[in-house]
Amino acid sequence: MSDARRGGRGAAARRGEGDRRSRGRALTLGLGAGFGFGAVEVAVRLIDGLTPGALFTNPAAYALPLGCGAALLLPTSALQRGSVTTATAGLVLGETVAPALIHVVWLGDRTRPRMAWPAVLGFAVAVTGTPALS
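Okay, so let's go over this structure.

About the cut-offs
Residues numbered from 1 in each chain as written. Predicted model: local features only at pLDDT ≥ 70, side-chain atom pairs only at ≥ 80, totals over all residues. Heavy atoms only, no water. Salt bridge = Lys/Arg side-chain N within 4 Å of Asp/Glu carboxyl O. Helix = DSSP H or I, 4+ residues; strand = E, 2+ residues; numbered from the N terminus. 1 Å grid on protein atoms, 1.4 Å probe; cavity = no way out; pocket = protein on both sides within 12 Å on 5 of 7 lines; lining within 4 Å. Points joined across faces, edges and corners; volume = space filled by probe spheres on them. Nonpolar A, V, L, I, M, F, W, Y, C, P; charged D, E, K, R; others polar.

Brief notes about the pattern of salt bridges
Link 1 in the chain: According to the stated counting rule, one finds one salt bridge in the structure shown.
Link 2 in the chain: When the shortest N-O distance is used, the salt bridge between aspartate 109 and arginine 45 registers 3.0 Å. With a gap of 64 residues between them, aspartate 109 in the loop between helix H4 (84-106) and helix H5 (116-133) and arginine 45 in helix H1 (residues 11-46) connect regions that are remote in the sequence.

A word on the layout of surface pockets
Link 1 in the chain: Put simply, the largest pocket is a space of about 180 Å³.
Link 2 in the chain: Forming the walls of the largest pocket are Ala100, Leu101, Val104, Asp109, Arg110, Thr111, Ala116, Ala119, Val120 and Phe123.
Link 3 in the chain: At the level of elements, H4 and H5 are the ones that each hand at least two residues to the lining of the largest pocket.
Link 4 in the chain: Within the lining of the largest pocket, the residues separate by chemical class into seven nonpolar, one polar and two charged.

In structure tokens, the structure reads:
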């Protein structure tokens, strides 16, 4: 089929579309990997004891290996579908935003006195700077 019959779109335009899809997939898989790392962070915080009875009854102990699996497998898939910077951008967002909200809102974490503004500034730089990588 000729380019005219496809609506005049050339091969370069089709390649660009594929690049955008690959970048979106890499970003999404990186984000999933970041959520996996975030699940590990939160799960480790919620595990109270290491006795077998405490581990078997704590849901966080089951979330830990699931988060590890996502954190190890999804970045590999992300790197196969896109660039390192795109996959890393999603990973950093996923492992930063969700766990931070969970720790502050539900687990009651706070910064040290007079250190709130550097914490907010660092968080803002990480969250706004990371998408610039992709």
